[in-house]
Amino acid sequence: MKALVLKKRGVFELLETPIPEPEANEVSITVACCSVCRTDAKMWQSGHRDLVLPRIPGHEISGYVAGDPARPVSIWPGTACGTCRYCKGGRENLCPSMKILGFHRNGGFAEHVTVPRTSLFAVPQELPMPLAALAEPLACALHGLDQAAVDTGDRVLIYGAGTLGIFLALGAQARGASALIVDPCREKLEKSRVFRAHIGVPGIEDPREASGEFDAVINAASAPATLDGLLKIRSGGRFCLFSNLATLPESGSQLLAVLHYRELQLVGAYGCTRKAIESALDLLAVNRGELGFLIERIMPLEDVPAVMADVLGGEQFKYIIDFQNQT
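A few points on the structure. Computed from a predicted structure; not experimentally measured.

**Here we look at the environment of Arg-262**
Alright, step 1. Within the secondary structure, Arg-262 is located in the loop between helix 8 (252-261) and strand 15 (265-268).
Alright, step 2. Setting aside chain neighbours within four positions, we find Arg-262 in contact with Glu-213, Leu-230, Leu-231, Ile-233, Arg-234, Ser-235 and Gly-236.
Alright, step 3. Within polar-contact distance, the side chain of Arg-262 engages the side chain of Glu-213 at 3.2 Å.

Set out below in structure tokens:
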């Protein structure tokens, strides 16, 4: 099969490799589409704590069970033990034995991949496979909303107008909350303007324009200034650290004082659960006609190295590898 292998930092190699054989309780998936994640680009640039090279990246995958077009699936990219307290409690994303596609095992930058049977979720018939490949990032957003306990009637402030910021807003609106996105990049806000108007989510460039108090604040950007969102939360409200911070702000001690005196809740969100993948597929199917703007480009596998710098820059939406129409 054709595969794009990350040989070392900054170096991809397009190779013909053996089709992987599924182990016990695994199935073989013919990859239809694989979205290129910013995490893939960070791995390409500087590696990752869980990454051993060489590796085939890619964890945002849609495909077909054993190549059968009648069995389209989206994939939860983890392999969990199924027996620990986290797995039994429905928080398998925290399993200490977690192995992730594209990190610990070869992923979707290839024509075939093997995954556990428990990682498969049927794609709704009406959902195109390029959009089905976005179930994993949307599931991460839905998990973040769960962590922030976003519910009907809540006001939610979201830092970041990239793909995940848009997905957080979509998920918040679907729960009956009202969302506001803040991002200093006017171009990113403009690219989502029509969709945001469709779902009723305004966007602003300056966080100082976010008036009133919010029930929850979520950062879908790594800028340390996003922690200033703690100052915009009502007493007893929640801040979800959805994106890890590049550095800590100089005002860290002052922000912790706000956390203390106003009894705010600070929670983290990492990855997603199987349940969130299922919910994400349903939400994608409902909104399939309006989400095409999130796909910057559908491309063949060999074009991936040329877009990694753009993906790393974070100013674009999603690049999708399409294996269905390659010769």
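There's more to say after this.
**Re the packing of helix 1 (residues 38-46) against helix 10 (residues 304-313)**
Alright, step 1. Where helix 1 contacts helix 10, the axes come no closer than 8 Å and their chain directions differ by 115°. Taken together, the axes of helix 1 and helix 10 are roughly perpendicular relative to one another. Crossing handedness for the pair helix 1 and helix 10: left-handed. Contacts between helix 1 and helix 10 involve Arg-38, Asp-40, Ala-41, Lys-42, Trp-44 and Gln-45 from the former and Met-308, Ala-309, Val-311, Leu-312 and Gly-313 from the latter.
Alright, step 2. In terms of residue class, the contact of helix 1 with helix 10 is built from 6 nonpolar, 2 polar and 3 charged.

**Here's the deal with a nonpolar patch on the surface**
Alright, step 1. A cluster of nonpolar side chains, namely Tyr-86, Leu-94 and Tyr-270, defines an oily patch on the protein surface of about 260 Å² accessible area.
Alright, step 2. Considering the arrangement of structural elements, one finds Tyr-86 in helix 2 (residues 85-88).

**Description of the pattern of salt bridges**
Alright, step 1. The final tally for this structure, using the stated rule, is 14 salt bridges.
Alright, step 2. For Glu-302, the salt bridge goes to Lys-2, with nearest N and O atoms at 4.0 Å. Taken together, the residues Glu-302 in the loop between strand 16 (295-299) and helix 10 and Lys-2 in strand 1 (residues 2-8) connect sequence positions 300 residues apart.
Alright, step 3. Relative accessible area serves as the criterion here: at 39%, Glu-302 is assigned to the partly exposed category.

The rules behind the values
- Residues numbered from 1 in each chain as written.
- Predicted model: local features only at pLDDT ≥ 70, side-chain atom pairs only at ≥ 80, totals over all residues.
- Heavy atoms only, no water.
- Helix = DSSP H or I, 4+ residues; strand = E, 2+ residues; numbered from the N terminus.
- Contact = heavy atoms within 4.5 Å.
- Polar contact = N/O pair within 3.5 Å; in protein donor to acceptor, adjacent residues only side chain to side chain.
- Axes fitted to C-alpha atoms, helices over the stretch in contact; angles between N-to-C directions.
- Parallel < 35°, antiparallel > 145°, perpendicular 65-115°, else oblique.
- Left-handed = near helix turned anticlockwise from the far one by under 90°.
- Nonpolar A, V, L, I, M, F, W, Y, C, P; charged D, E, K, R; others polar.
- Patch = residues over 30% accessible without salt bridge, like charges linked within 9 Å, V, L, I, M, F, W, Y side chains within 5 Å.
- Areas by Shrake-Rupley, 256 points an atom, 1.4 Å probe, with all protein chains shown as cover.
- Salt bridge = Lys/Arg side-chain N within 4 Å of Asp/Glu carboxyl O.
- Buried < 20%, exposed > 50% of the residue type's maximum accessible area, 1.4 Å probe, protein only.

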